[in-house]
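# Residue-level structural notes
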Amino acid sequence: MTVTPLGIPRRLLEFTIDGEPVRAPEGSTILDACRAAGKDVPTLCQGDTLTPKNACRVCVVEVEGSRTLVPACSRRAEPGMQVRTDTERARHSRRIVLELLASSVDLSTTPGVAEWIKEYEAKPDRFGPDAARLNEEPRIDNDLYVRDYDKCILCYKCVDACGDQWQNTFAISVSGRGFDARIAVEHDAPLTDSACVYCGNCIEVCPTGALSFKSEFDRRSAGTWDEAAQTQTTTVCAYCGVGCNLTLHVQDNEIVKVTSPHDNPVTHGNLCIKGRFGYQHVQNRG
Amino acid sequence: MDLHFGDSMPTDEERAAVDALLGPPESSWEGAAREGTTAADLRWARGGRQARDRRDLLLPGLHALNDRVGWISEGALDYLCRRLTVPPAEAYGVATFYAMFSVKPRPATVLHVCTDLTCTAAGARELCAGLESGLGPGVHVDRSPCLGLCERAPATLAIRAGDPARTAVSAPATVREAVLAATAPDSAPEEPAAVSAVPQAGSEGLVLLSRVGVVDPASLDDYRAHGGYSALRRAFALGPAGVIREVTDSGLVGRGGAAFPTGRKWQATASQPDHPHYLVCNADESEPGTFKDRVLMEGDPYALVEAMTIAAYAIGGHQGYLYVRGEYPRAIHRMQYAVDQARARGLLGDDILGQGYAFDIEIRRGAGAYICGEETALFNSIEGYRGEPRSKPPFPVEKGLFGKPTVENNVETLVNVLPILTMGAPAYAAIGTAKSTGPKLFCVSGSVARPGVYEVPFGATLGELLARAGVRDRLRAVLLGGAAGGFVRPDEMDIPLTFEGTRAAGATLGSGVVMAFDDTVPLPRLLLRIAEFFRDESCGQCVPCRVGTVRQEEVLHRIAQRTGAAAADDIALLREVGRAMRDASICGLGQTAWNAVESAIDRLGAYE
Amino acid sequence: MRSTRNRGPKTYTRLTHPLVRDSRDEPFRPASWEEALDRAARGLAAARGAFGMFSCARATNEMNYVAQKFARVVMGTNNVDSCNRTCHAPSVAGLSAAFGSGGGTSSYEEIEHTDVIVMWGSNARFAHPIFFQHVLKGIRNGGRLYAVDPRRTSTAAWAESWLGLNVGTDIPMAHAIGREIIHAGLANHAFIERATSGFEEYKALVEPWTLSLAEKVTGVPAAAVREVAHAYARAERAQLCWTLGITEHHNGTDNVRALINLSLLTGHVGRYGSGLQPLRGQNNVQGGGDMGAIPNRLPGFQDVLDPDVRLRFESAWDTVIQPHYGLNLTEMFEAMEDGTLKAVYCIGENPAQSEADSGQAVRRLKALDFLVVQDIFLTKTAELAHVVLPATAGWAETEGTTTNSERRVQRVRRAVTPPGEAREDIDILCDLAARLGHDWKYADAETVWNELRSVSPDHYGMTYDRLEEHQGIQWPCPSTERLEPTYLHGRLWETEPERRGRRAPFGLVQHDPPVDLTDEEYPIRLTTGRRLDSYNTGVQSGGYASPLRRGEYVELCPEDAERHGVVVGEEVRVSSRRGSVVAPVWIDTALRPGLAFMTMHFPDEVDTNQLTIEANCPIAGTAEFKASAIRIEKLPAPTYVR
């Protein structure tokens, strides 16, 4: 008997991407199909463990017959759809989105964004020196997390991970509206007065470094964070019997960060406070 | 749910406000005092989905607190969350989404002063300045987007928290009247009747406005004496499929702005296998310059009740929601009374007209968010979430309110169903043009002698409409369709007021706004106000709109005093940002946020 | 007076060199490995025939395999056990009595696709947070959760219905549910007839347990019991999960049997989505037992009493295996008392703090002639040793595998270099074995694993390569070519009697209230458990700065606090018939009058196990940590802790 559950069989849909015929299982998004076909579409708010929120709009593509551009990350492929990923129109919106973000948010720790800015010839400076920015200071109110909302693109991933998609703690939400909208706990209190259980699953999904482990934040501030010198080793957590897989990020024989593989059948990328932060005891080396 | 609550406790008043809405708490887990309930509570607690399913009472709960106390304190929010099993962080996110709520202490009385286009043209700035010096610290003055009182600009709305909360409209407002309304709302003069907004009232041939000013809006008997409930009888005779056929054949399209064929929407919902089906009436009339739905609700409330009943019957729904914007206290009051009366008389409830058909209407109140007029944002608002639009597809006919098949129509659209059934589809379709059938309401305001709601058949020209309203001299521009619409020039008066006609002219009918401006108001100032409006009202969900509306406003500030070459680079920038907003925003708000500015540049030659 | 106490528990520094001493009166001195191993070998050799091995439920399968082999081959004894005795041994005993195998029958993923989830004596939201995420997925998918727990825990707050029973009345509750299912005509008779035995006796056994009697004994309204009975029985799929609230009782195995009965009654076992899930407290409790680091089973959970099994191991290991069960941890402690156990080799365990009635445990350890402790810290247990050997942290400094609660064997890997001269457990064991005449050669952990695969059919199919490829594999896995279903005991649903195998017997277990009775002198029932951010005795979890941590408190309901005239933060004396501690008060509305709660996370601050009772389950040996009788006394000059 085989065990790997195959799920309900899915039909294949036929449609075209940039004029080339593609086949994708029913339920796939345009982005899934693009990636399967080797097309690169930039994404920021999309997360492999989360339902697409399509808030950043950097992944927009053109679909024949659609009045507006459509987000590749969330729009499901349909039979006969004609998708164009690299038209002037799509590139224009991507460029403007990058300019709008880069002119208002600190993207210095967002992976990939510098290359996209170059590729799309985005010029965030053209809104002038007085262009409104978020102007937030890092919030350091506990020993485990730093929330630097100056780097927040409001992708909602942390809210979704903390909320009903994974952790169900609901410690954070978007508060306010429009440009003043911010991620906050109730009454905008310090994290230590909130429902936060410090699982770090919000940090796991944050695409910009707005949320970071204090261990990383401090090293970055001190200029000693060196990703190139880090090794990543996946092992199993030593707390409780659930058997969560931990990926230990080690620099100079010190564990500096703990993540979990997003495709792991036990964790799906999530951990609890003990697994995420309870490593210090092995390196109390006297 | 294992919710976390802080130490803040509600005051007795806050607790009473919530309990008045929800009833007293049943257990200490829900916030009852431990004494008396402990023995049972500590042995058996019910929770789970039943407890979580009350999330949709969050917005009514926030209103209850705001109405009673004037703001929402930490302890009050926590208590409400405990009662409804809602995480406090999420409730905080919802409370801070709406402009009419405050999570910081403020005086019990808030005076909303409309500073939108028509009111600004009518002197709202001076009014504000006068009020701020004329009112003491006991009143909080709030500069507000359009209050939907454009026929009586400038307008103010005073809301005094208490039990019950008091409201007083002052329009057209003087400093003295507004101060009186804010300081003594009970003794403020009665607002003029809805009919004062209908210059055509009583004339022959009116279809939609025929009863406004003619019937007593409180009287169900009066309504019936003027043809009320004959359409519902006809609907029962036709059966649901027959009603949908009539509506389809009538050519009725949505009057909210998108002009989607109503019959098709109903058919698509009726045929969904998933149940229940919901009917939502969108009365969140927030497009600046629009007030027709208010006039209908205030002047002929039973018509909407009857129309909603017919719509729900056609789509196989048994529950309807009427979502009215929070700035319309009188409309809410009138509609609530009408719904209660209809229910008492068996015209809502389990067995309407003895036909064995059950339907009821719940009224939900908005709290100051233009975006909630977007159909899916409105669903989120009713459900107790932030009023952020959802991605489409899936469309509401498939997954709408509470994830179920839903028809959402605006007030005017629904009210059109009554004449369709009483006169028959062919006769209705004969009104107007071939592609735009039926009568249409227009909200005419600004530089006209007789502002108000006008009913004309589709096909009348802009010039004819404005002539009827008594357009004043020195007309500089007409804004068609509201802030999300566009400007036309005084020399374009022959544009036919139909969907196809305005489209051909590169304009839009939108929600039926016709705002006339003479040359006393500088155009850049109008554009800046429109840009401010979109910046304020952007929900913040998607980047093009959240940041794009800010950048648009910044540029318009920068070029307010510039023209020609000095503005050219910035106008090019506006175009680029505007194009991305139009192409890449999630919903209509961002997609249209650049429309009016673009039309002013291209059509009126602003900044030349 | 106010004292601000340091909320961080004691932090421990890693051991970097072997420590030795001649007697317990002397301080330790650092020694070379050579000297330390020589001394250890001498001490153990002298105690042959009176030796016990405490293996480690947190170390790898490979280490546990070698440790039990050390006990059985080098020391010639089955006296090998680990801390699973203090937590889940009753689960293993109960499940193997019913089904012949001690593992949980389901997988995490199945709970996402089930209809009813019953969590009994389990605050998984705190103790097993990532497992609870699977539960939450199930709830979001429409599953209904029912919680049975004396406290309304975070887990219970998610339930459709929470049943707040009296501590130690799980059997009455289970029996009343069983009776209700039978009387309501909801029993699955086809399944009962085909796959179980002893139903008639069970039916007679539960017959007296009417809903109203259950209400009297458990304190839970009859309607609530009825509701959960009907929900569980009528569900198409249902999962029954439990943790230490079931097992840490003097009759823990009986409790487990009583729950298993419900699955037999309804056919909620052996199918996808229907099963029994004991949640393990430590990363390798499951694996330690699977590897034979328990006194009655050889690797692969094979019975020591089975002569064929023994023969196979005897030929594989070239030794003679004792044809009787060894002593379990509890019995070994008793044997220390009467002097028949003279030497212990304790690897990675801290029984001086984790055992119930810890004062007694320390006395007994001190009675040993020779104690070797191998650990990464100088724990309270290590402080009692003659030789202390610095080891590596299994999960971050060694290669190997562990087995989780869903029987999934997963690779652990070396990510950091151990400090100082610390060495891997297996290497230390092999060096000791060599000094005692057994020259074992294991090139690496994989070599150990492959030896285990050769003797354990259930693990045969799990090569390291496959474990990597599949991100872990669940046992049984007899073939290197395929994978088995995610659930156990599908055989019970086979139509052919031969394929169906042994019938699962109903457990005919009687209610037996907690040993430590409450009375006028000790009126409050103390129960224990875990908090979200801390773990066991806090040796590991104390190392990081948790914003949630507030140290140890005795948690009372508001009414009891008022009755005693005490407030939050006020230190009080907490006494049981065995000992007494001083702890500050915390007020928790999830408790009811007469019920108090403490943890054992901060033993250096408040040694909760001074209070607990060593009343052991006669079958599994687990102590009744969950039910002590205590009293609270206001101090004459109270101190307040913030």
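Residues numbered from 1 in each chain as written. Chains lettered and ligands numbered in written order. Predicted model: local features only at pLDDT ≥ 70, side-chain atom pairs only at ≥ 80, totals over all residues. Heavy atoms only, no water.

### Observations regarding the domain arrangement of chain A
Residue and element names in this part refer to chain A.
- On domain assignment, one finds that chain A holds domain 1 (1-132) and domain 2 (145-283).
- The distance between the C-alpha centroids of domain 1 and domain 2 comes to 25 Å.
- In this assembly, 20 residues from domain 1 lie in contact with 20 residues from domain 2.
- Surface buried jointly by domain 1 and domain 2 totals about 1,600 Å² across both partners, of which 60% is contributed by carbon and sulfur atoms.
- Looking only at domain 1, the three residues that lose the most surface to domain 2 are Thr49, Leu50 and Thr109, adding up to 35% of its buried area.
- There are zero salt bridges connecting domain 1 and domain 2.
- Across the contact surface, domain 1 and domain 2 share seven residue pairs in polar contact (both at pLDDT 80 or more).
- Residues of the side of domain 1 that touches domain 2, tallied by class, amount to nine nonpolar, eight polar and three charged. (Domains from an automatic or database assignment. Contact = heavy atoms within 4.5 Å. Buried area = accessible area lost by both parts, 1.4 Å probe. Salt bridge = Lys/Arg side-chain N within 4 Å of Asp/Glu carboxyl O. Polar contact = N/O pair within 3.5 Å; in protein donor to acceptor, adjacent residues only side chain to side chain. Nonpolar A, V, L, I, M, F, W, Y, C, P; charged D, E, K, R; others polar.)

### Notes on the sheet that holds strand 12 (residues 254-259) of chain A
All names here are of chain A.
- Across the sheet, three strands lie side by side as 10-11-12; this open sheet has antiparallel pairing. Two strands in the sheet have a free side with no partner beyond their single neighbour: strand 10 (231-236) and strand 12. Adjacent strand axes in the sheet meet at a mean angle of 35 degrees, parallel and antiparallel pairs treated alike.
- Strand direction decides the pairing type here: strand 11 (residues 245-251) and strand 12, joined by five bridges, are antiparallel. The residue of strand 12 that forms the bridge with Gln251 is Glu254. (Pairing = 2+ DSSP bridges. Helix = DSSP H or I, 4+ residues; strand = E, 2+ residues; numbered from the N terminus. Axes fitted to C-alpha atoms, helices over the stretch in contact; angles between N-to-C directions.)

### Brief notes about the sheet that holds strand 8 (residues 161-163) of chain C
- Pairing is mixed across the open sheet formed by six strands, whose spatial order is 1(B)-8(C)-7(C)-6(C)-10(C)-11(C). Pairing within the sheet leaves two strands with one partner each, and these edge strands are strand 1 (44-46) of chain B together with strand 11 (275-278) of chain C. Adjacent strand axes in the sheet meet at a mean angle of 15 degrees, parallel and antiparallel pairs treated alike.
- Of the strands in this sheet, strand 6 (116-120), strand 7 (144-148) and strand 8 of chain C are in contact with helix 7 (residues 170-183) of chain C, which crosses strand 6 of chain C at around 155 degrees.
- Contacts from helix 13 (residues 252-266) of chain C reach strand 6, strand 10 (238-242) and strand 11 of chain C, with the element oriented near 175 degrees to strand 10 of chain C.

### Digging into the interface of chain B and chain C
- Each partner contributes to the interface: chain B provides 15 residues, whereas chain C provides 32 residues.
- Both faces considered, chain B and chain C share a buried interface measuring about 2,000 Å² in area, 44% of it formed by carbon and sulfur atoms.
- Among the residues of chain B in contact with chain C, B:Arg43, B:Trp44 and B:Arg49 are the three that bury the most area, contributing 36% of the side total.
- Here chain B and chain C share four salt bridges between them.
- The partner of C:Glu559 in a salt bridge is B:Arg34, with the nearest N and O atoms 2.9 Å apart.
- Where chain B touches chain C, the interface holds 18 residue pairs in polar contact (both at pLDDT 80 or more).
- Those elements giving two or more residues to the side of chain B that touches chain C turn out to be helix 2 (38-41), strand 1 and helix 3 (48-52) of chain B.
- When its residues are assigned to classes, the side of chain B that touches chain C shows five nonpolar, three polar and seven charged.
- Relative to strand 8 of chain C, strand 1 of chain B runs antiparallel, the two being bridged by three bridges. Bridging across to strand 8 of chain C, B:Arg46 finds its partner in C:Ser161.

### Brief notes about the interface of chain C and chain A
- On the side of chain A, 58 residues touch chain C, which itself brings 65 residues to the contact.
- When the buried surface of chain C facing chain A is broken down by residue, C:Ile130, C:Trp395 and C:Gln471 rank first, second and third, together holding 15% of it.
- Between chain C and chain A we count 23 residue pairs in polar contact (both at pLDDT 80 or more) in total.
- Put simply, the parts of the chain that give the side of chain C that touches chain A at least two residues each are helix 5 (124-127), helix 6 (129-140), helix 19 (394-397) and strand 18 (408-412) of chain C.
- Among the elements that line the side of chain C that touches chain A, the one with the most residues is helix 6 of chain C, at eight residues.
- When its residues are assigned to classes, the side of chain C that touches chain A shows 27 nonpolar, 20 polar and 18 charged.

### Observations regarding the pattern of salt bridges
- Applying the stated criterion to the full structure yields 107 salt bridges over all chains.
- Ionic pairing is found between A:Arg126 and A:Glu99, a salt bridge with its closest N-O pair at 2.7 Å. Note that A:Arg126 is positioned in the loop between helix 3 (113-119) and strand 6 (145-147) and A:Glu99 in helix 2 (residues 88-104), a separation of 27 residues in sequence.
- With a closest N to O distance of 2.5 Å, C:Asp516 and C:Arg577 form a salt bridge. Taken together, the residues C:Asp516 in the loop between strand 20 (504-505) and strand 21 (524-528) and C:Arg577 in the loop between strand 23 (571-576) and strand 24 (580-587) connect sequence positions 61 residues apart.
- Residue classification places C:Arg577 among the partly exposed positions, given a relative accessible area of 37%.
- Linked through salt bridges whose partners overlap, the residues forming this network are B:Glu151, B:Arg152, B:Glu191, B:Arg294, B:Glu298 and B:Arg330. (Buried < 20%, exposed > 50% of the residue type's maximum accessible area, 1.4 Å probe, protein only.)

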